[in-house]
2 protein chains.
Amino acid sequence: MLTQLLGYGLRRAQSAVFADFASTFARAGETLTPGEFGLLVLVERNAGLSQMALSRALAIDRSTLVPILNRLQARGFLVRHASPTDGRTHALALTPAGEKALAKFARLVKAHEKRITAGLSAAETRALIELLERVRTAAGPL
Amino acid sequence: MLTQLLGYGLRRAQSAVFADFASTFARAGETLTPGEFGLLVLVERNAGLSQMALSRALAIDRSTLVPILNRLQARGFLVRHASPTDGRTHALALTPAGEKALAKFARLVKAHEKRITAGLSAAETRALIELLERVRTAAGPL
DNA sequence: CGAATTTGTTTGCTACCCAAACAATCTCCA
DNA sequence: TGGAGATTGTTTGGGTAGCAAACAAATTCG
């Protein structure tokens, strides 16, 4: 009965995937959450972006972002530069150590993705991602 | 780049679906989390089950279950009966008020499900649920 | 210039999750 | 049968993740 609800299946799959992500990193002696990984990728590809822009891209509140950035900054992965054009905003950027760490994290994420899609063909994986995207847009403006 | 990662798509879809669940209930003047709904359904269909059995079925730690049960019990939806056969366990059951509330909740969930699957055909919805199930089993014993 | 807006931060609240320790109870076996 | 070991529910402590509201600093716009 519950198993025929999309919301329930989504929640269960998400939690299993999350657990595999955590154990993948733990086995490699690293610590990182999926949210932190997404943040690092976004900052790398969009160096100089502000916290507001980042929070919009991640669809989380700007106040939620602060402790995550603090953590990653404390670990030496990123820096909040002063913006030369706007005194209110911070220009976010990875440090060299952050770049290096992210390269390793990306390898771990790749292995993780391979594991969670082990039961699916390449076409099925693509279809799944596409269906999830459609659910997301149907569910709301998030 | 992130959008091609299953884990990322899953997280985003899940959070949008969660938001729609919350707003569906809020608009109806009700308060319930997806986890609470799943718990109520499981207790209804398996009256008398223990907290350990329930935590296994939900794949959450038994200590996580305690505050959730406390909340639902305080709202008068369920009761922890003493088990006649095992003094350690509680026999969980819905109260009449809980049954009635669950009936209403189920209607709200149905409307919610309809909304989040609005962009999908019936066949696509079934396929999506089936793919999620396969991801869950591939990802781990959760 | 002054009012309104934007940005980042802090504080406070909620939900969810686990691990470790504990008392009560049950099981099992020597 | 008596005690050792396992199980159950709870408590405590810690961590992540999310939002809302209030605030100061800075920008924008009338």
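Residues numbered from 1 in each chain as written. Chains lettered and ligands numbered in written order. Predicted model: local features only at pLDDT ≥ 70, side-chain atom pairs only at ≥ 80, totals over all residues.

**Regarding the protein's contact with DNA strand C**
Taken together, 22 residues form the shell around DNA strand C, and within it Gln51 and Ser63 of chain A together with Thr33, Asp61 and Gly87 of chain B come nearest. Looking at the surface near DNA strand C, the elements with two or more residues in it are α3 (51-58) and α4 (62-74) of chain A together with α4 (62-74) of chain B. Among the elements that make up the surface near DNA strand C, the one with the highest residue count is α4 of chain A (four residues). (Near = placed C-beta within 6 Å. Helix = DSSP H or I, 4+ residues; strand = E, 2+ residues; numbered from the N terminus.)

**Considerations on the protein's contact with DNA strand D**
Contacts to DNA strand D come from 23 residues, most closely from Thr33, Asp61 and Gly87 of chain A together with Gln51 and Ser63 of chain B. For the surface near DNA strand D, the secondary-structure elements that each account for two or more residues are α2 (34-45) and α4 of chain A together with α3 (51-58) and α4 of chain B. For the surface near DNA strand D, the leading source of residues is α4 of chain B, giving four residues. Each residue belonging to the surface near DNA strand D can be placed in one class, and the counts come to five nonpolar, eleven polar and seven charged. (Nonpolar A, V, L, I, M, F, W, Y, C, P; charged D, E, K, R; others polar.)

**Comments concerning the confidence of the model for chain A**
Per-residue confidence for chain A gives a mean pLDDT of 94; residues scoring 70 or more make up 99%. Across chain A, strand β2 (residues 90-94) of chain A holds the top mean pLDDT of 97, while helix α1 (residues 6-27) of chain A sits lowest at 93. (pLDDT = per-residue confidence, 0-100.)

**Re the relation of the copies chain A and chain B**
Note on the identical chains: chain A maps onto chain B by a rotation of 180° and an axial translation of 0.0 Å, with an RMSD of 0.1 Å. When the rotation and shift are considered jointly, the pair of chain copies conforms to a two-fold rotation axis. Every residue of chain A has its C-alpha some distance from the rotation axis, and the shortest such distance is that of Leu128 of chain A, at 3.2 Å. Of the interface residues in chain A, 100% have counterparts in chain B that sit at the interface too, so the contact is made through matching surfaces. (Least-squares fit on C-alpha atoms with pLDDT ≥ 70 in both. Contact = placed C-beta atoms within 7 Å.)

**Some details on α2 of chain A**
Helical geometry: 3.6 residues make up each α-helical turn, so side chains three or four residues apart lie on a common side. Between the first and last C-alpha of α2 of chain A there are 17 Å, a value that for twelve residues agrees with the 16 Å anticipated at 1.5 Å per step. When α2 of chain A is considered as a whole, its buried residues turn out to be Pro34, Phe37, Leu39, Leu40 and Val43 of chain A. (Expected span 1.5 Å × (residues − 1). Buried ≥ 20, exposed ≤ 12 C-beta atoms within 10 Å, placed from the backbone.)

**Some details on the interface of chain A and chain B**
At the interface, 46 residues of chain A touch 46 residues of chain B. Here the side of chain A that touches chain B gets 15 residues from one element, more than from any other, and that element is α1 of chain A. The residue makeup of the side of chain A that touches chain B, split by class, is 25 nonpolar, eleven polar and ten charged.

**Some thoughts on α1 of chain A**
Here α1 of chain A contains 22 residues, and its C-alpha end-to-end distance of 31 Å stays within 8% of the 32 Å for a straight helix at 1.5 Å per residue. Positive phi shows up at Gly29 of chain A, right after α1 of chain A, with a value of about 75°.

**Here's the deal with the nonpolar core**
Formed by 28 residues in total, the largest nonpolar core has its most connected members in Ala13, Val17 and Val135 of chain A together with Ala13, Val17 and Val135 of chain B. At the level of elements, α1 and α6 (122-139) of chain A together with α1 (6-27) and α6 (122-139) of chain B are the ones that each hand at least two residues to this core. Leaving out residues up to four positions away in the same chain, Val17 of chain B has contacts with Gly7, Leu10, Val135 and Ala139 of chain A together with Ile116 of chain B. (Core = buried A, V, L, I, M, F, W, Y, C linked by C-beta atoms within 7 Å.)

**Some details on the environment of Leu102 of chain A**
All names here are of chain A. Mapped onto the secondary structure, Leu102 falls in helix α5 (residues 96-116). The class of Leu102 is buried, set by 20 C-beta atoms lying within 10 Å. Residues Leu102 and Glu44, spaced 58 residues apart in sequence, show a C-alpha to C-alpha distance of 8.8 Å. Other than its neighbours up to four places away in sequence, Leu102 contacts Leu40, Glu44 and Leu94.

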